[in-house]
Amino acid sequence: EDKAEVAQTVASGDAELIENIRNTELIRRKALDVQAKREIDLARQNIASEEYDEAVRHYGLALKLLNDRQSSKDLRKECDLGIAEGLYRAALQEYDLGRRELAYKRIQQAIDMRHPKARRVLELWNAEASGAEKTSDVTDNLHRQNDADYKKDREQIRRHLRRSSQYLAVMDLNKAA
């Protein structure tokens, strides 16, 4: 009974004010949704034009504008995936341009956003970096090129390859091996 009385007193006294507040809130939510969709469209355009930093920024803005309603769940998911994809592609772009530190920072951010390919790319980059460090002095191998046994084997292998290619040319596969 007490609740019914309170509802009646509110309804009779401030019904118009409450209705205005409710309408204002609906308009505000619609405006935020429209702005979020506009930001998502801009982000999509930026991804298409390979401006990944801008795409990440627009997806981030859209994510801030969207609320936790069920109707905006798909848009929030798209924003999360778009940020991860933008960071991933920005990292690849920076790596190709030679900006390794920035690329590592971006790929780590993409991993934090759970991009499916980012961890593998980071592993490849780390393996490449460690492989470059392991490249040793080639003088150990150069002495072998002048070695008589190496030259003899090299000539024998070259003769075998020439003969095999001739057999392959005439389709005699048994002799080509």
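Residues numbered from 1 in each chain as written. Predicted model: local features only at pLDDT ≥ 70, side-chain atom pairs only at ≥ 80, totals over all residues. Heavy atoms only, no water.

**Q** Honestly, helix α2 (residues 52-65) in this entry has me stumped. Any pointers?
**A** The α-helix advances 3.6 residues per turn, and as a result positions three or four apart in sequence lie on the same side. Here α2 is 14 residues long and its end C-alpha atoms lie 20 Å apart, about the 20 Å a rise of 1.5 Å per residue gives. Within α2 the residues assigned to the buried category are Tyr52, Ala55, Val56, His58, Tyr59, Gly60 and Ala62. (Helix = DSSP H or I, 4+ residues; strand = E, 2+ residues; numbered from the N terminus. Expected span 1.5 Å × (residues − 1). Buried < 20%, exposed > 50% of the residue type's maximum accessible area, 1.4 Å probe, protein only.)

**Q** It is not clear to me how the pattern of salt bridges should be interpreted in this structure. Could you clarify?
**A** A side chain of one charge can pair with a side chain of the opposite charge when the charged atoms of the two come close. Using the criterion set out here, one finds 13 salt bridges in the structure. For Glu94, the salt bridge identified is with Arg99, shortest N-O distance 2.8 Å. Of the residues examined, Arg99 reaches a relative accessible area of 44% and is grouped as partly exposed. Glu155 serves as the salt-bridge partner of Arg158, at 3.9 Å between the closest nitrogen and oxygen. (Salt bridge = Lys/Arg side-chain N within 4 Å of Asp/Glu carboxyl O.)

**Q** Got a minute to help me understand the nonpolar core in this structure?
**A** The tendency in soluble globular proteins is for nonpolar side chains to be buried side by side. Counting residues in each nonpolar core, the largest one holds 26 residues, and the members touching the most others are Ile40, Tyr59, Cys79, Tyr88, Ile107, Ala118 and Trp125. Counting only elements with at least two residues in this core, the list comes to α1 (2-48), α2, α3 (73-97), α4 (100-112) and α5 (118-134). Among the elements that take part in this core, α3 stands out by supplying 8 residues, more than any other. Setting aside residues no more than four positions away along its own chain, Tyr59 makes contact with Ile40, Ala43, Arg44, Ile47, Glu78, Cys79, Gly82 and Ile83. (Core = buried A, V, L, I, M, F, W, Y, C linked by side-chain atoms within 4.5 Å. Contact = heavy atoms within 4.5 Å.)

Read these as geometric descriptors, not functional statements.
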